Amino acid sequence: MNKLILLTGLIVLCFWTACDDEEPSPSCITLEQNANWITESFKTLYDIQFPANYEGIGMVGFEGNFFAKNRTDSLVYFSYNYCAPLYCEDFGDLLADPVPASIEVISTGGGLLLSQVVEFCDDTNEIFAILYHDTAITSTGRLYIKQGNDFLEALSINYDQSTQQEVEDIIKTISEN
């Protein structure tokens, strides 16, 4: 009987220790700069990098910021515009807590489910940003960046599915300025 109690205790301890480690997923992409790309302002406290084949106004604003950048062949479009009648904010809506497995966004045809998730981690392995996207040929994505303890909407992305890796490579260049 004592052996059974000891064995049960060891099993419970193993499960408890395994569940206690809340590490980022092994697929978390580490943020890193690209020495060959152009750095520009992304938000008040952040920069982002793009390859040379991107154009657009980038971050502009008088009473708050908005942002637009696209690939010259129009396969990728990055933007944010979180504006009220008198002022624009750098960030949009708050992501639910706990972080959902998918989100629904409004599109021209109604609701659109973004069920694919890509996490981006800083150099301490903390999740810095979460990209939700779909798998359509012309994909839609929403990027959320951690602000304090919350994730806030930071960017809308529309892109050809063939450019998924490039989109992720651009996102991973976001850095504090």
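The model shown is predicted, which means the values in this text are computed figures rather than measured ones.

K.L.:
Would you mind going over the overall build of the protein chain with me for this structure?
P.N.:
Secondary structure summary: the protein chain contains 2 helices and 15 strands in total. Each of the 177 residues in the protein chain was classed as buried or not, and the buried ones make up 39%. Considering only contacts within the protein chain whose residues lie at least 6 apart along the sequence, 48% involve residues at least 24 apart. Carbon and sulfur atoms provide 55% of the accessible area of the protein chain, an area that totals close to 10600 Å².

K.L.:
Can you walk me through the packing of aromatic side chains in this structure?
P.N.:
By convention here, two paired aromatic rings are described through the distance between centres and the angle between planes. Scanning all chains against the criterion turns up 11 aromatic pairs. Residues Phe-50 and Tyr-54 carry aromatic rings whose centres are separated by 5.2 Å and whose planes lie at 40° to one another, so their mutual orientation is tilted. When sorted by exposure, Phe-50 lands in the same class as Tyr-54, which is buried. Centre to centre, the rings of Tyr-132 and Tyr-144 are 5.9 Å apart; their planes meet at 90°, and the pair counts as edge-to-face. Note that Tyr-132 is positioned in strand β12 (residues 127–133) and Tyr-144 in strand β13 (residues 138–147), a separation of 12 residues in sequence. One aromatic cluster in this structure is built from Phe-42, Phe-50, Tyr-54, Phe-67, Phe-78, Tyr-80 and Tyr-82.

K.L.:
Before we go on, may I ask you to explain the sheet that holds strand β15 (residues 175–176) in this structure?
P.N.:
Strand pairing in a sheet takes place through backbone hydrogen bonds and is either antiparallel or parallel in direction. One open sheet accounts for 3 strands, arranged β2-β3-β15; its pairing is antiparallel. In the strand order of this sheet, the two ends are held by β2 (38–43) and β15, each with one partner. Summarising the sheet, β2 and strand β3 (residues 46–50) pair through 5 bridges and their orientation is antiparallel. Residue pairing in the sheet places Ser-41 in a bridge with Asp-47 of β3.

K.L.:
Honestly, the state of the cysteines in this entry has me stumped. Any pointers?
P.N.:
A covalent bond between the sulfur atoms of two cysteines is referred to as a disulfide. Inspection of the entire model under this criterion finds 2 disulfides. At a sulfur-sulfur separation of 1.8 Å, the disulfide partner of Cys-28 is Cys-121. Disulfide Cys-28 to Cys-121: torsion about the S-S bond roughly 105°, handedness right-handed. Taken together, the positions of Cys-28 in the loop between α1 (2–20) and β1 (29–30) and Cys-121 in strand β11 (residues 116–121) put the pair 93 residues apart, joining distant regions of the chain. Residue Cys-28 is classed as buried on the basis of its relative accessible area of 14%.

Rules used throughout
Residues numbered from 1 in each chain as written. Predicted model: local features only at pLDDT ≥ 70, side-chain atom pairs only at ≥ 80, totals over all residues. Heavy atoms only, no water. Helix = DSSP H or I, 4+ residues; strand = E, 2+ residues; numbered from the N terminus. Buried < 20%, exposed > 50% of the residue type's maximum accessible area, 1.4 Å probe, protein only. Contact = heavy atoms within 4.5 Å. Areas by Shrake-Rupley, 256 points an atom, 1.4 Å probe, with all protein chains shown as cover. Phe/Tyr/Trp six-rings, centres within 6.5 Å; stacked < 30°, edge-to-face > 60°. Pairing = 2+ DSSP bridges. Disulfide = S-S within 2.5 Å.

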